Structure formats: C-alpha cells, structure tokens
Amino acid sequence: MNPGMLYASLAFLCWGLFPLYFHAIGEIAPQEILAHRMVWSLLFLGIVLTVRRQWSWLGRLKAQPRVVAGFGASAFLLSANWFIYIWAVNNGHVVDASLGYFITPLINVMLGFMLLHERLRRLQWLAIGLAACGVAWLTWQAGQVPWIALLLAATFGGYGLLRKTAALGALEGLSFETLILFPLALAYMLWLAWHGQSGFVNTDSSATRALLLASGPITAIPLLLFAAGARRLPLAVLGLLQYIAPTGQLLIGVWVFHESFTPERMLGFLVIWTALGLYAAEGLWTARKARASS
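Every value quoted in this text rests on a predicted model; they were computed, and no experiment measured them.

Some remarks on the environment of leucine 42
Thought 1: Within the secondary structure, leucine 42 is located in helix α3 (residues 30-52).
Thought 2: Counting along the chain gives 25 residues from leucine 42 to valine 67, while the straight-line C-alpha distance between them is 19 Å.
Thought 3: With sequence-adjacent residues up to four places away left out, leucine 42 is seen in contact with Ser175, Thr178, Leu179 and Phe182.

Written out as structure tokens, the structure is:
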C-alpha cells in the first residue's frame, strides 16, 4: 500500500470517530473542552517540534506581520469550527455535523471561484447546483436552515482557504495557531478553576480528566497524519479519501446515538452524495486526462 494512502486513511478514520470521544466527555462544557484542546495541543506540538529541532521558523515571523495576521484569522476560524462541532456532538446533532463536512469540498470550490478567481468546469457547476438543491430540500423538510452544517462547512472552508496560501507548513502552522490561542485558553481555564466552575477539577471521573489531558495528541496526531498523506497523494485521491470522516460520523450518529434519519432526510443526503460523486468522478477524469496528455 502507498504509505500516503495509509496515513491519510488513518487521519480521516480518526476524525470519523471523534463523536465518540466528545460524547465521552459530554459532561464538560464545549467551551472548556475547546480550551483544553488548545492548551494540550500546544504542549504536544511543542514536544514534537523540540524532538525534531524545528523552532527556527518562529523567529522569522517577527518580520512578517501579514503572515501573523493571516494565522490569527485562521486560528479564529479553526477555534470556531472546533467549538461548533463539539457543541453539535454533545447536543445530539452528529448527523448535522457530518452533513457540514460532506459539503465542505464544494464550499472550497466556491471559495476558490469567488476569492481566488479559479475557473470552474461545467460538471463542477452541476455538482454545486445539485448540492444546493439538497441543502434546499433539507431546509424545506426541516422547516429551518441547517445552520450547524453550513457554519461547519463555512468555517472549515475558510480555514482551508487561508492555509492554502499560508507561508508555514502543516506542523508549524498548527503550532503557531495554537500558540496564538494558548493565552486565551489558559486564562479561561484558570478563571474557571478560580471560580470553582472547572469541569476538569470538579468531575468525579478520572477517565474524563485523562481524556481531556489526551486532547492534545488526539487533536494533533490526525492532523500530522493528514499532512504526511497529503504530501504523498494526488489531490483527486485525497479528495475521495476525505469522505471517510463524515461517513463515519453519520454512521455513529444514526447507529450509536440513534439520531433521527427519516426517509425525507435521507433523500436530501442522497442528492448531496450524488453531487459529491459527480465532483469526485470529474476530478479523477480530469486528472487522468491531464496525465495522458502529458
């Protein structure tokens, strides 16, 4: 097996199992879970950077205020995405969260068209139109806009757009983002402890404390696996593999947490899956045609 396939598949499989992790620490408020993810991720990433002797990039950022500002924006979008996802899982909206990550690739295409002036091919337009019809059907059927899915897709799509043009690699970029968020996260954790409202301190479950402490590697390892896989795989293959994560989340939401998945709701998902299948097939066909012509 191509090592890239293994690394990327493991990353998406980990993300697909995230609902089980957040549900296991559901007694902790989402904002406190978010703070723990930031603090312990930075500690874990700091250890990785120290072992690899990879700190020189940090000194160069002093002379690059625009890069710092860009990573400040990406850190905000990343934390917003994490918070919405944690809240969704712990409030019985795993299926809605999975929908957000199903439509994220198409949001990425639209952002590339609107902000990076990338040209879209006809089948890509058709895929986006089908996905919009699926979202419109889900909106009409539920009587409300699927805000959770749209916010997750928008924040992660925006994050991906900023990272696409970022000056740092995956490990350094994630480390810098968590470094930016670290003071706020640590201050919030200390404030909770000072006022006796810390779930970490007040819980009677040692397992909950251990899972919160493990949030660093649980957050960072899939991202590092993804970065390793992305360097070794064509984008078309990586685009297909990314559907492992929302598929796992959807199955967990329906089979493990018994969330509602009516035939009407399934119809909306089927339209969106058709759009994704068309988008993926078009990407593979275009990549194959390009290789043949070269």
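Additional details are given in the paragraphs that follow.
Notes on the UniProt feature "domain: EamA" (unreviewed entry) in the protein chain
Thought 1: Under the present numbering, the feature "domain: EamA" (unreviewed entry) in UniProt falls on residues 3-139.
Thought 2: Secondary structure within residues 3-139 divides into 84% helix and 0% strand; the distance between the first and last C-alpha atoms comes to 41 Å.

Concerning the packing of helix α11 (residues 206-213) against helix α12 (residues 215-230)
Thought 1: Interhelical geometry of α11 versus α12 gives an angle of 40° and a closest axis separation of 4 Å. Overall, the two elements α11 and α12 adopt an arrangement that is oblique. Taken together, the residues of α12 that come into contact with α11 (itself represented by Leu211, Leu212 and Leu213) are Ser215, Gly216 and Pro217.
Thought 2: Split by residue class, the contact of α11 with α12 holds four nonpolar, two polar and no charged.

Re helix α15 (residues 263-293)
Thought 1: Under the 1.5 Å per step criterion, the end-to-end length of α15 is 44 Å for 31 residues, consistent within 8% with the ideal 45 Å.
Thought 2: Restricting attention to buried positions, one finds in α15 the residues Arg265, Gly268, Phe269, Ile272, Ala275, Leu276, Ala280 and Glu282.

Re the layout of surface pockets
Empty space among the atoms becomes apparent when a probe as large as a water molecule is rolled across them.
Thought 1: Here the second largest pocket defines a volume of roughly 280 Å³.
Thought 2: Along the walls of the second largest pocket sit 15 residues, with Asp96, Ala142, Gln144, Pro146 and Arg265 positioned nearest its centre.
Thought 3: Elements supplying a minimum of two residues to the lining of the second largest pocket: α6 (94-115), α7 (122-142), α8 (147-164) and α15.

Some thoughts on the nonpolar core
Thought 1: Of all hydrophobic cores here, the largest spans 26 residues; its most connected members are Phe12, Phe22, Ile33, Tyr85 and Leu152.
Thought 2: Elements with a contribution of two residues or more to this core: α1 (3-16), α2 (18-24), α5 (65-90), α6, α8 and α13 (235-241).
Thought 3: Looking at which element gives the most residues to this core, the answer is α5, with five residues.
Thought 4: Excluding its chain neighbours within four sequence positions, the residues that come into contact with leucine 152 are Asn81, Ile84, Tyr85, Ala97, Gly100 and Tyr101.
Thought 5: Membership of the second largest hydrophobic core comes to 24 residues, among which are Val67, Phe71, Tyr159 and Leu171.

Here is what the cut-offs are and how they apply
Residues numbered from 1 in each chain as written. Predicted model: local features only at pLDDT ≥ 70, side-chain atom pairs only at ≥ 80, totals over all residues. Heavy atoms only, no water. Helix = DSSP H or I, 4+ residues; strand = E, 2+ residues; numbered from the N terminus. Contact = heavy atoms within 4.5 Å. UniProt positions renumbered as here; feature names shortened; annotations may be inferred. Axes fitted to C-alpha atoms, helices over the stretch in contact; angles between N-to-C directions. Parallel < 35°, antiparallel > 145°, perpendicular 65-115°, else oblique. Nonpolar A, V, L, I, M, F, W, Y, C, P; charged D, E, K, R; others polar. Expected span 1.5 Å × (residues − 1). Buried < 20%, exposed > 50% of the residue type's maximum accessible area, 1.4 Å probe, protein only. 1 Å grid on protein atoms, 1.4 Å probe; cavity = no way out; pocket = protein on both sides within 12 Å on 5 of 7 lines; lining within 4 Å. Points joined across faces, edges and corners; volume = space filled by probe spheres on them. Core = buried A, V, L, I, M, F, W, Y, C linked by side-chain atoms within 4.5 Å.

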